[in-house]
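# Secondary and tertiary structure notes
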Protein chains: 2
Amino acid sequence: MAGLLDGVRKQLFELPRYETLGGRVLSGVRVGWESYGELNAERSNAILICHYFSGTSHAAGRYAPGDPLPGYWDAIIGPGKPIDTDRFFVLSSDTLINLNVHDPKVATTGPASIDPASGKPYGLDFPIVEIGDFVRVQRELVRSLGIEKLHAVAGPSMGGLQAFDWAVRFPEMVGRILPVICAGAADPWLVAWLDAWAAPIALDAQWNGGDYYGKAAPTAGLLQALKMVALHANDRPWALATFGTSPAAGGNPRAGLAQPFAIVDGLAQLAALRVALCDANHLLYLARANQLYVAGGADDLGAAMARVRAPVLYITTPTDHVFPPAATGATAAALRDSGARVRHLEIGGSFGHLNGLLTIGEAAEAIAAFMNDQPVAS
Amino acid sequence: MAGLLDGVRKQLFELPRYETLGGRVLSGVRVGWESYGELNAERSNAILICHYFSGTSHAAGRYAPGDPLPGYWDAIIGPGKPIDTDRFFVLSSDTLINLNVHDPKVATTGPASIDPASGKPYGLDFPIVEIGDFVRVQRELVRSLGIEKLHAVAGPSMGGLQAFDWAVRFPEMVGRILPVICAGAADPWLVAWLDAWAAPIALDAQWNGGDYYGKAAPTAGLLQALKMVALHANDRPWALATFGTSPAAGGNPRAGLAQPFAIVDGLAQLAALRVALCDANHLLYLARANQLYVAGGADDLGAAMARVRAPVLYITTPTDHVFPPAATGATAAALRDSGARVRHLEIGGSFGHLNGLLTIGEAAEAIAAFMNDQPVAS
């Protein structure tokens, strides 16, 4: 059946000059990328995968046989899988302002990068960038490989925001899109939640207005932000299956405020594993990029979805607290109203928003059919 | 039709000695209370109202004619209203560790109170208290008025936790209960969210391990905690109706991280109005009391609900993010499994959890029938 992708190799794309949507010119922009499968002679078989808020380009396979986990969408990307690397050249890149600055496999450009003009990290002098900036940098990467049209653009969560943005911004370059657990635009409810993710960082005195490079980083604030993201992206059945039904399981929280509950301790332990890899300012910039999002920079959701020409397989999950059914339903309705060729599919699972990573296999047949140009029913 | 309650008078109840469920003895415990309507000669017409997490005893009426708002459940408490003060003596008390320490109308005992033994505020030396402690202090208040049996105990959210706790802990004293937007026990999912409410406070350097009395209080952390509570307790339709559908409405958030979005600014302004009235340590202790909750101190939800003898009118709302349908459904099922006389009613609204305050009028007929002993259908 489906084979393995081993020995995935991380590569580096450099752009000497990039002007942001906001009009700032950045020199020496770098983003990492990796690929699975082979580009054909016509360069017509490329699928671009875009990553989620706290993710990296590592969408499938293993860098080395001993890696504990494969890339996040390994269930659907690989030889013989729905996004079939025997047939497609699957390309995945780190975004600008990627969160995992200190992951040796990640290359990105953001507030933690050295500003060539000063020789010091940008910090809050880095310009606000948008999802559309991620996409415009990806486009330069794609064209540097001689690819003028992508067979598909796909991604979960913030990756799905990029897929919609590609379809609106560069319709001539996109054959089809697979946006998963996302929407066609942010709205004030999402804006407020992204603020709740980010706010703990600015409360940490070590954040110091964003100027902490070379000093103690705001690790306590970053830890709480990562706990918040992990909680909001999950769901109650996961919590009860993992930590039981008793609120006080596994601890002695009657003994004093400092005594943790099992689930709080569990979230903190998972977050602690990530703090050393992440940069707090990058999280703030990522929150802002997501807050500002309307696909393609259109005026509103309706205007954005009216510009989608590519067929869409839109996959959401009804227990998503980040992109709840009312938000994904509004996106699906806007697509249908605009006459887009859209199939809206819901997947299940115990993990809320994270179903888009952890139970994406439920949609395997639909994804395979969509990528192979078989009929798409509404 | 329904008349007005004006000139509501706040009163003070003092308990010279109270031993907590955890075994700590507190001297000079004080809680505020108020009442509407008259106690009858038999002292049989008393209804106790218990308040929510960030609330006070001010459930109905106005202290003075110029008050901008009446008490939080004024829609259902008053002359001719479903909880009819022409017929019932309605009593409402501040809890222990009430959040609104600096509200001149609130009296409570908690970490901000002076420890008689030291002459200084308790701070984190205050013992962990539970919802059951709130109820046991209320029981002393009720008995001090010569009341041996309450016609009903009612309340929204944390007030509903108290109503369930009363029914389990003191079944002989409770004629019926009206728990609203709540559950019969906390679970790990709720525990984690309560941690998310509280965590910003400990990130504020001015929190200083809880020792900030007489110094600068952790107002930035408290403000973010209050923003978090307000967001989690509301819902997306409110956000879009109030702030529009454009994510960047009303601000210039592309200009820099410090530029706010309208909804974030709105939540911050509302929270700022409350910061000066609230105490940060009290919020931490309230979160802990709610996290520890199983009604009546039972082993688990099923054991707790099996001990409910009083008829129950249980009102929830399907868009509640604090007590979501899976949690309220588990409580309703446990009540039914135990053979309790329960009617489970759902109300609508655009405000999520806050529907239990803002659209409680939808349940007016059911509440009136329940209080007047008319038949309760399942």
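Just so it is clear, the model here is predicted, and its values are computed rather than measured.

Turning to the overall build of chain A, a few remarks are in order. A count of helices and strands for chain A gives eleven helices and twelve strands. In summary, chain A has a C-alpha radius of gyration of 20 Å against a globular reference of 21 Å for 378 residues, a match within 12%. Considering only C-alpha atoms, chain A reaches an extent of 65 × 55 × 45 Å along its principal axes. Counted over contacts in chain A with a minimum sequence separation of 6, partners at least 24 positions apart contribute 73%. A total of about 13,600 Å² of accessible surface is found on chain A, and carbon and sulfur atoms cover 52% of it. Treating the 28 positive side-chain charges of chain A as one cloud and the 35 negative ones as another, the clouds have centres 2 Å apart.

Mapping chain B onto chain A leaves a residual RMSD of 0.0 Å; the transformation is a rotation of 180° accompanied by 0.0 Å of translation along its axis. Here the transformation between the copies is reduced to the relation of a two-fold axis. Of the interface residues in chain B, 100% have counterparts in chain A that sit at the interface too, so the contact is made through matching surfaces.

So, about helix H4 (residues 219-232) of chain A. Helix length check: H4(A), at 14 residues, gives a terminal C-alpha distance of 20 Å against a target of 20 Å (1.5 Å per residue), a fit within 8%. Most of H4(A) is tucked away: ten of the 14 residues are buried. Taken as a whole, H4(A) has its buried residues at A:Gly221, A:Leu222, A:Gln224, A:Ala225, A:Leu226, A:Lys227, A:Met228, A:Val229, A:Leu231 and A:His232. Buried-residue contacts for H4(A) involve helix H3 (188-203), helix H6 (262-275) and helix H7 (280-291) of chain A together with helix H3 (188-203) and helix H4 (219-232) of chain B.

Another aspect to go through is the nonpolar core. By size, the foremost hydrophobic cluster in this structure holds 197 residues, and its most contacted members are A:Phe164, A:Trp166, B:Phe164 and B:Trp166. With residues near it in sequence (within four places) discarded, A:Phe164 still touches A:Ile177, A:Pro179, A:Cys182, A:Ala183, A:Gly184, A:Tyr293, A:Ala295, A:Met305, A:Val312, A:Tyr314, A:Thr331 and A:Leu335.

Turning our eyes to something else, we now look at empty space enclosed by the protein. Enumeration according to the criterion identifies nine cavities of 30 Å³ or more in this entry. Lining the largest cavity we find A:Trp189, A:Trp193, A:His232, A:His321, A:Pro324, B:Trp189, B:Trp193, B:His232, B:His321 and B:Pro324. Contributions of two or more residues to the lining of the largest cavity are made by H3 of chain A together with H3 of chain B. When grouped by side-chain class, the residues that make up the lining of the largest cavity number six nonpolar, four polar and no charged.

A few words on the domain arrangement of chain A. All names here are of chain A. Here chain A is partitioned into domain 1 (11-186 + 293-371) and domain 2 (191-286). A straight line from the C-alpha centre of domain 1 to that of domain 2 covers 25 Å. With 31 residues of domain 1 at the contact, the number on the domain 2 side is 23 residues. Summing both sides of the interface, domain 1 and domain 2 together bury roughly 2,400 Å²; the carbon and sulfur share of this comes to 68%. Looking only at domain 1, the three residues that lose the most surface to domain 2 are Phe53, Leu99 and Leu124, adding up to 27% of its buried area. At the boundary of domain 1 with domain 2, the tally comes to zero salt bridges.

Residue and element names in this part refer to chain A. The final tally for this structure, using the stated rule, is 22 salt bridges over all chains. The partner of lysine 81 in a salt bridge is aspartate 74, and the shortest N-O contact between them spans 3.0 Å. Owing to a relative accessible area of 16%, aspartate 74 belongs among the buried residues under this scheme. When the shortest N-O distance is used, the salt bridge between arginine 176 and aspartate 373 registers 2.5 Å. Of this pair, arginine 176 sits in the loop between helix H2 (158-169) and strand S10 (177-180) while aspartate 373 sits in the segment after helix H11 (364-371), and the two are 197 residues apart along the sequence. A residue is classified by how much of its surface remains accessible, and arginine 176, at 10% relative accessible area, is buried. Aspartate 373 gets classed as partly exposed once you look at its relative accessible area, which sits at 48%.

Attention shifts here to the interface of chain B and chain A. You'll often see interface size given as the accessible area lost when the parts meet. Facing 57 residues of chain B, the contacting portion of chain A comprises 57 residues. Of all the elements in the fold, those that place two or more residues in the side of chain B that touches chain A are H3, H4, helix H5 (236-243), helix H6 (262-275), helix H7 (280-291) and helix H9 (325-337) of chain B. Per-element accounting of the side of chain B that touches chain A gives the leading share, ten residues, to H3(B). Taken together, the residues that form the side of chain B that touches chain A break down as 37 nonpolar, eleven polar and nine charged.

All names here are of chain A. Mapped onto this structure's residue numbering, the UniProt feature "active site" (unreviewed entry) falls at Ser157, Asp320 and His353. Over a stretch of 197 residues, the named residues converge on one spot in the fold, their C-alpha atoms separated by at most 10.6 Å. With respect to the secondary-structure elements, serine 157 resides in the loop between strand S9 (152-156) and H2. Other than its neighbours up to four places away in sequence, serine 157 contacts Tyr52, Val180, Ile181, Cys182, Phe323 and His353. Mapped onto the elements, aspartate 320 comes out in the loop between strand S11 (312-316) and helix H9 (325-337). Aspartate 320 has contacts with Ile181, Pro325, Gly352 and His353, leaving out every residue within four places of it along the chain. Here the side chain of aspartate 320 touches valine 322 through a polar contact of 2.8 Å, landing on its backbone nitrogen.

Let us look at the sheet that holds strand S1 (residues 11-19) of chain B. All names here are of chain B. A sheet is described by the order of its strands in space; here eight strands give the open sequence S1-S2-S6-S3-S9-S10-S11-S12, paired in mixed fashion. Two strands lie at the open edges of the sheet, namely S1 and strand S12 (342-346), each paired on one side alone. Here the average twist between neighbouring strands, direction ignored, is 20°. Bridge count between strand S10 (residues 177-180) and strand S11 (residues 312-316): two bridges; the pairing is parallel. Within the sheet, the bridge partner assigned to isoleucine 177 lies in S11 and is valine 312. Together, strand S3 (46-50), strand S9 (152-156), S10 and S11 form the strand contacts of helix H2 (residues 158-169), whose direction differs from that of S9 by roughly 155°.

A separate point is the environment of A:Ala154. Residue and element names in this part refer to chain A. The topology assignment puts alanine 154 in strand S9. Along the primary structure alanine 154 and tyrosine 314 are separated by 160 residues, whereas in three dimensions their C-alpha atoms are 9.8 Å apart. Contacts of alanine 154, omitting those with residues within four sequence positions, involve Leu48, Ile49, Cys50, Trp73, Gly159, Ala163 and Leu178.

A separate point is unusual backbone geometry. Residue A:Ser157 is not a glycine yet carries a positive backbone phi of 60°. Accessibility expressed as a relative area gives 9% for A:Ser157, which makes it buried. For B:Ile181, which is not glycine, the phi torsion reads 40° and is therefore positive.

Each value, and the rule that gives it
Residues numbered from 1 in each chain as written. Chains lettered and ligands numbered in written order. Predicted model: local features only at pLDDT ≥ 70, side-chain atom pairs only at ≥ 80, totals over all residues. Heavy atoms only, no water. Helix = DSSP H or I, 4+ residues; strand = E, 2+ residues; numbered from the N terminus. Rg over C-alpha atoms; globule rule 2.2 N^0.38 Å. Contact = heavy atoms within 4.5 Å. Areas by Shrake-Rupley, 256 points an atom, 1.4 Å probe, with all protein chains shown as cover. Lys, Arg positive; Asp, Glu negative; His and termini not counted. Charge placed at Lys NZ, Arg CZ, Asp CG, Glu CD. Least-squares fit on C-alpha atoms with pLDDT ≥ 70 in both. Expected span 1.5 Å × (residues − 1). Buried < 20%, exposed > 50% of the residue type's maximum accessible area, 1.4 Å probe, protein only. Core = buried A, V, L, I, M, F, W, Y, C linked by side-chain atoms within 4.5 Å. 1 Å grid on protein atoms, 1.4 Å probe; cavity = no way out; pocket = protein on both sides within 12 Å on 5 of 7 lines; lining within 4 Å. Points joined across faces, edges and corners; volume = space filled by probe spheres on them. Nonpolar A, V, L, I, M, F, W, Y, C, P; charged D, E, K, R; others polar. Domains from an automatic or database assignment. Buried area = accessible area lost by both parts, 1.4 Å probe. Salt bridge = Lys/Arg side-chain N within 4 Å of Asp/Glu carboxyl O. UniProt positions renumbered as here; feature names shortened; annotations may be inferred. Polar contact = N/O pair within 3.5 Å; in protein donor to acceptor, adjacent residues only side chain to side chain. Pairing = 2+ DSSP bridges. Axes fitted to C-alpha atoms, helices over the stretch in contact; angles between N-to-C directions.

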